[in-house]
Amino acid sequence: MGGCRRDLLLAVFAVALISIVVTYTPAAQGATASTNSGAAASGATYVGSDICQGCHQEQTAKYAKTKMAKVFASAARTPAEKQGCEGCHGPGSKHVEAGGGKGVGGLVSFRKGAESAKQQTAVCQKCHEKGQRVYWEGGPHEGAGVTCTNCHKVMENVSDKRNFAKETELETCFQCHALKKAQLQRSSHMPVREGKLVCTSCHNPHNSQGPRQLKQNTINDNCVSCHTERRGPFLWEHPPVVENCGNCHTPHGSTNPFLLKVRVPRLCQECHNYSRHPSQPYDPSGSTANTRVLGRGCVQCHPQIHGSNHPSGSMFHR
Ligand code: HEC
Ligand code: HEC
Ligand code: HEC
Ligand code: HEC
Ligand code: HEC
Ligand code: HEC
Ligand code: HEC
Ligand code: HEC
Ligand code: HEC
Ligand code: HEC
């Protein structure tokens with residue numbers, strides 16, 4: 001009798017143990033999923049993309065042409081990719097049971113305000129947190145509440161690559177950076193509006209280690225990545241050049257020649273108010289105009305202003 005009881009107890013214990021394991025595993029998965037979507041909290045389960053397509057033919061047709069749709073449909077590598085529509089929108093059973101509808105069934109809708117920017121971003125980051133996006137957290141865009149879908153439209157191809165929210169990368173940035181759009185129209189500018197450079201020639205909009213989301217670690221590293229002849233080292237260095245090209249230049253556009261912040265000679269005079277030769281407009285000794293400030297002014301005689309390798313180039317004359 002006693003042995004039987006013990007067996008019964010063991011059996012009950014084993015069943016209890018199994019049910020703990022069984023109930024805990026999905027529950028734990030549910031908990032992680034809910035941080036991504038909030039949908040799992042409603043107890044919804046995955047139904048598969050075929051069911052979604054039945055009611056959302058129009059969206060599905062456009063979506064099918066995107067790179068992600070193609071990869072998910074034909075070359076899915078991870079469980080999340082195999083989930084198709086629900087990989088982004090979350091499990092859809094409640095939405096489907098209710099016959100669909102706006103705000104119905106706890107899907108991630110990506111509508112502005114429906115979920116927090118952080119929740120929407122987390123969905124994309126499930127698959128995209130590496131590569132260009134390792135510094136996204138804590139970056140200026142993340143901090144300002146910008147989310148992936150401000151720059152990327154993923155349900156259809158609006159741009160010919162990268163799923164931009166607008167037709168081109170520039171238009172995508174100009175949605176919010178109107179000042180940059182204006183600066184690029186100024187007379188002196190790098191060839192961005194001519195299409196030779198884009199914002200991402202210099203910036204990583206997902207954030208970087210460098211200042212101002214620059215791809216390089218310093219402003220000078222950025223400039224000399226293309227203007228290699230300015231890299232140096234020079235025998236005779238001009239300290240403000242070594243320090244920061246931004247001491248004299250502004251990157252996006254200027255009404256002064258050569259993207260200068262201030263025109264020569266005033267630019268030079270900001271730092272060189274005393275020198276062995278006078279630099280005021282009129283020669284104090286007479287009434288003749290001072291040639292040192294005419295034409296290209298100072299750089300007419302000091303053309304190697306970025307530094308010189310000539311043995312006697314200490315004055316940047318040669
Ligand atoms: C029975 C038909 C039906 C099915 C099946 C269905 N939906 Fe819907 N869904 C709708 C309707 C209707 C709307 C509301 C459309 C509107 O208001 O423009 C909707 C809205 C949505 C929205 C927008 C939600 C919002 O709050 O803005 C998303 C996203 C969505 N569905 C995704 C899905 C996904 C993913 C699936 C598959 C898991 C799915 N739907 C299955 C009918 C359906
Ligand atoms: C890669 C993530 C992703 C996948 C996969 C995805 N969607 Fe979406 N969906 C979004 C985003 C983001 C939005 C918000 C609007 C936008 O950015 O295009 C959206 C919006 C929607 C909407 C509401 C807006 C509208 O156009 O009416 C519906 C409905 C929808 N998706 C259905 C689907 C269906 C059906 C599938 C699968 C065939 C699917 N989605 C797959 C991310 C995704
Ligand atoms: C389930 C995983 C998964 C999710 C979730 C996901 N993606 Fe993707 N995404 C992919 C894969 C896979 C590719 C294709 C990568 C490749 O092979 O180049 C891709 C490609 C892209 C591309 C590049 C397209 C191109 O033309 O080069 C963009 C942009 C993108 N995803 C944005 C998003 C955004 C925004 C979201 C959230 C709304 C999102 N993704 C959600 C897996 C995912
Ligand atoms: C401020 C605009 C902006 C935001 C916000 C943004 N992106 Fe991008 N994304 C871009 C631009 C521009 C490119 C093209 C970069 C290039 O061609 O090198 C790009 C490229 C990509 C690519 C394809 C290149 C690659 O890295 O594989 C993916 C994937 C991508 N973004 C995903 C995301 C995800 C996920 C988020 C949210 C965490 C996000 N993006 C937020 C502008 C943005
Ligand atoms: C949805 C609006 C939005 C879009 C689209 C957008 N930005 Fe921004 N961006 C902001 C906000 C907000 C800030 C932070 C406030 C500020 O400095 O203006 C910012 C800041 C920046 C900064 C300065 C970072 C810093 O450290 O001060 C750079 C660089 C930048 N964005 C580049 C881009 C590029 C490149 C694109 C296009 C690929 C882009 N942004 C698209 C809203 C946007
Ligand atoms: C040739 C390189 C280059 C290109 C191209 C470029 N930027 Fe910049 N950007 C910079 C540098 C360098 C800084 C830092 C300036 C400083 O802090 O003195 C900067 C700073 C910024 C800032 C923050 C500080 C400010 O000036 O407001 C924003 C926002 C910005 N860039 C947006 C853009 C956008 C949008 C585009 C595309 C239209 C773009 N940039 C193209 C080099 C570039
Ligand atoms: C991605 C490449 C690239 C980067 C990075 C870059 N430039 Fe340029 N820059 C160009 C190109 C291309 C031109 C057009 C003239 C040419 O072909 O040399 C140009 C032109 C200029 C001009 C002449 C403008 C005029 O009005 O004639 C100045 C000055 C200049 N860049 C300064 C800078 C500074 C300062 C930086 C760093 C903030 C920088 N560049 C970063 C590519 C770049
Ligand atoms: C002390 C001020 C000053 C600093 C700092 C400076 N520049 Fe210049 N830069 C000038 C002046 C002045 C001109 C115009 C020269 C002329 O009129 O011949 C110029 C012209 C240029 C030009 C266009 C003409 C050419 O010679 O190709 C480029 C490109 C350039 N600078 C790049 C840079 C880079 C890159 C840095 C940082 C490594 C830098 N500059 C730092 C003053 C400066
Ligand atoms: C941001 C400040 C700054 C600007 C702007 C500036 N310089 Fe300089 N410059 C310096 C400093 C600092 C030195 C090093 C002085 C020293 O070593 O005593 C220097 C050195 C020189 C020298 C070498 C002579 C010497 O005393 O070593 C000449 C020539 C010169 N600068 C000309 C110019 C010209 C021309 C311009 C305008 C295109 C200019 N500088 C703009 C800060 C500046
Ligand atoms: C007509 C040619 C010429 C012009 C124009 C000119 N310089 Fe000079 N600069 C010289 C010569 C030559 C020397 C060397 C003088 C010496 O060694 O006594 C010199 C030396 C200097 C020095 C270093 C010696 C000192 O006096 O501290 C600085 C700084 C300087 N110039 C700045 C400028 C600035 C700023 C301008 C524009 C306002 C300018 N130069 C315009 C020819 C010129």
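Draft legend 1. Expanded view of the overall build of the chain. In terms of regular secondary structure, the chain is built from 16 helices and zero strands. The buried share of the chain, reckoned over its 318 residues, is 16%. Of all intrachain contacts in the chain linking residues separated by at least 6 positions in sequence, the fraction that spans at least 24 positions is 50%.

Draft legend 2. Up close: the site of ligand 5. What surrounds ligand 5 is a group of 17 residues, the closest being Ala 144, Asn 150, Cys 173, Cys 176 and Cys 199. Those elements giving two or more residues to the shell around ligand 5 turn out to be helix H9 (140-143), helix H10 (148-151) and helix H11 (169-174). If you tally residues by element for the shell around ligand 5, the top one is H11, at three residues. Looking at the shell around ligand 5 residue by residue, the class counts come to eight nonpolar, seven polar and two charged.

Draft legend 3. Region of interest: the environment of Glu 142. Mapping Glu 142 onto the fold places it in helix H9. Separated by 25 residues in sequence, Glu 142 and Ala 117 place their C-alpha atoms 8.5 Å apart.

Draft legend 4. Local environment of the site of ligand 3. With respect to spatial proximity, 19 residues lie near ligand 3, and among them Ala 80, Cys 124, Cys 127, Cys 148 and His 152 are the closest. Elements that contribute at least two residues to the shell around ligand 3 include exactly helix H4 (67-74), helix H5 (79-82), helix H6 (85-89), helix H8 (117-128) and H10. The biggest single contributor to the shell around ligand 3 is H8, with five residues. For the shell around ligand 3, the residue count by class is nine nonpolar, five polar and five charged.

Draft legend 5. The arrangement of unusual backbone geometry in detail. The omega angle of the peptide bond from Gly 232 to Pro 233 is 0°, so this bond is cis rather than trans. For the peptide bond that leads from Val 264 to Pro 265, omega is 5°, which places it in the cis range. You will see that Arg 162, though not glycine, has its phi angle at about 60°, which is positive. Within the secondary structure, Arg 162 is located in the loop between H10 and H11. Despite not being glycine, Asn 163 shows a phi value in the positive range, around 50°.

Draft legend 6. Region of the structure containing H8. The terminal C-alpha atoms of H8 lie 16 Å apart, and with 12 residues this matches the ideal 16 Å at 1.5 Å per residue to within 8%. Along H8, the residues classified as buried are Gln 120, Thr 121 and Val 123. With its buried residues spanning 145° around the axis, H8 presents them on a single face.

Draft legend 7. Summary view of the environment of Leu 235. In this fold, Leu 235 is placed in the loop between helix H13 (219-226) and helix H14 (239-243). For the pair Leu 235 and Gly 307, spaced 72 residues apart in the sequence, the C-alpha separation amounts to 7.5 Å. With sequence-adjacent residues up to four places away left out, Leu 235 is seen in contact with Ser 308, Asn 309 and Gly 313.

Draft legend 8. Local environment of the confidence of the model for the chain. Averaged over the chain, the pLDDT score is 86; the fraction of residues at 70 or greater is 80%. No element of the chain has a lower mean pLDDT than helix H1 (residues 2-37), at 40, and none a higher one than H10, at 98. pLDDT under 50 marks residues 8-41. Its contacts with residues more than four places away, or in other chains, come to 21 contacts.

How each quantity is defined
Residues numbered from 1 in each chain as written. Chains lettered and ligands numbered in written order. Predicted model: local features only at pLDDT ≥ 70, side-chain atom pairs only at ≥ 80, totals over all residues. Helix = DSSP H or I, 4+ residues; strand = E, 2+ residues; numbered from the N terminus. Buried ≥ 20, exposed ≤ 12 C-beta atoms within 10 Å, placed from the backbone. Contact = placed C-beta atoms within 7 Å. Near = placed C-beta within 6 Å. Nonpolar A, V, L, I, M, F, W, Y, C, P; charged D, E, K, R; others polar. Expected span 1.5 Å × (residues − 1). Arc of directions from axis to C-beta. pLDDT = per-residue confidence, 0-100.

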